[in-house]
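# A closer look at the structure
In case you want the letters, here they are:
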Amino acid sequence: MAQKQTKTNAMRMLEKEKVAYTFHEYDHEDGAIDGVSVAGKLGQDPARVFKTLVTQGASKNFYVFVIPVAAELDLKKAAKAVGEKNVAMLHVADLLKTTGYIRGGCSPVGMKKQFVTVIDASAQDKPTVMVSAGRIGAQVELAPADLARVAKARFESITFA
């Protein structure tokens, strides 16, 4: 029997904001939850599947960066994009208490607090992108402009070229 799809906080926020999205589920029992594996399991181009990274700046403020799963965040570009001297990746141990999400299920939508969010500029030329729906095994696909609106994000080039 098919189990009923449980809505995540991210999905509820998208619905509240009347954003059209497509829900995608993938099997994660093999433990492969890194973005490139997820893109493969969903049959998607890794350039369209985005991961959510949380950093902390020199000011102690938190920042969220959304980049293609196969890309690497350029910490210098990221810091410049948010007006910080530098930013460092948040420790996995601090992710849940900071965002309300766990590693592999961190969505840029519906975090405990609204953090400054930057989406890599490469998202803008895609009809849709995929991000975590807020739990491992679940992704939402939506238009980049809708993602930016709901996450209160802007687009900047923040990965290594």
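Here the structure is a predicted model, which means the values were calculated and not measured. Chains are numbered independently. Their residues run from 1 in the order of the written sequence. Whole-chain, interface and lining totals are the exception, using all residues; otherwise, since this is a predicted model, local features are given only for residues with pLDDT of at least 70 and side-chain atom pairs are given and counted only at 80 or more. Values shown for side chains rest on all heavy atoms present in the structure; no hydrogens or waters enter the calculation.

### Section: the packing of aromatic side chains
- In this scheme Phe, Tyr and Trp rings, the latter by its six-membered ring, pair at centre separations within 6.5 Å, and the angle between planes marks the pair as stacked below 30 degrees, edge-to-face above 60, and tilted otherwise. Under the definition given, this model contains one aromatic pair.
- Here Phe62 and Phe115 contribute two aromatic rings whose centre-to-centre distance is 5.7 Å and whose plane-to-plane angle is 70°, an arrangement assigned as edge-to-face. Of this pair, Phe62 sits in strand E3 (residues 62–68) while Phe115 sits in the loop between helix H4 (92–99) and strand E5 (116–120), and the two are 53 residues apart along the sequence.
- Accessibility here uses a 1.4 Å probe with only protein chains present; expressed as a share of the type maximum, an area under 20% marks a residue as buried, one over 50% as exposed, and anything in between as partly exposed. Overall, Phe115 belongs to the buried group, its relative accessible area being 10%. Secondary structure follows DSSP: runs of H or I at least 4 residues long count as helices, runs of E at least 2 residues long count as strands, and numbering of each begins at the N terminus.

### Some words on the nonpolar core
- Formed by 30 residues in total, the largest nonpolar core has its most connected members in Leu14, Val140 and Leu142.
- Looking at this core, the elements that each hand over two or more residues are helix H1 (9–16), strand E2 (50–57), E3, strand E6 (129–132), strand E7 (138–142) and helix H5 (144–150).
- Contact criterion: two residues are considered in contact whenever any of their non-hydrogen atoms come within 4.5 Å of each other. Excluding residues that lie within four positions of it along the chain, Leu142 makes contacts with Leu14, Val19, Ala20, Tyr21, Thr128, Val129, Val131 and Leu147. Only buried residues count toward a nonpolar core, which is a set of Ala, Val, Leu, Ile, Met, Phe, Trp, Tyr and Cys residues joined through side-chain atoms within 4.5 Å.

### Let's talk about the environment of Lys18
- By the element assignment, Lys18 lies in the loop between H1 and strand E1 (22–25).
- The exposed category is assigned to Lys18, whose relative accessible area is 73%.
- In sequence terms Lys18 and Asp146 are 128 residues apart; their C-alpha atoms lie 9.6 Å from each other.

### Notes on the pairing of E5
- Here E5 lies mainly inside the structure; four of its five residues are buried.
- Should DSSP find at least two bridges between two strands, the strands are regarded as paired. Sheet topology note: the E3/E5 ladder contains four bridges and is parallel. Paired with Val66 across the two strands is Ile119, which belongs to E5.

### Some points on H4
- Among the residues making up H4, those that are buried are Leu95, Thr98 and Thr99. Looking down the long axis of H4, one finds its buried residues gathered within 85° of arc, a one-sided arrangement. The exposed set on the far side of H4, more than 90 degrees from its buried face, consists of Ala93 and Lys97.
- Turning to H4, the residues buried within the fold contact E2 and E3. Directions drawn from the helix axis to the C-beta atoms are what define this arc.

### Considerations on the UniProt feature "domain: YbaK/aminoacyl-tRNA synthetase-associated" (unreviewed entry) in the chain
- UniProt positions are given in the numbering used here, feature names are shortened, and annotations may be inferred rather than shown by experiment. What UniProt calls "domain: YbaK/aminoacyl-tRNA synthetase-associated" (unreviewed entry) maps, in this numbering, to residues 38–149.
- Between the C-alpha atoms that bound residues 38–149 there is a distance of 25 Å. The span itself is 22% helix and 29% strand.

### Observations regarding the sheet that holds E6
- Strand order in the open sheet formed by three strands is E1-E7-E6, with antiparallel pairing between adjacent strands. The outermost strands of the open sheet, each flanked by one partner alone, are E1 and E6. Direction aside, the axes of adjacent strands within the sheet are offset by 30° on average. A fitted line through C-alpha atoms represents every axis, and for helices the fit uses only the stretch in contact; the resulting angles, taken between N-to-C directions, go from 0 to 180 degrees.

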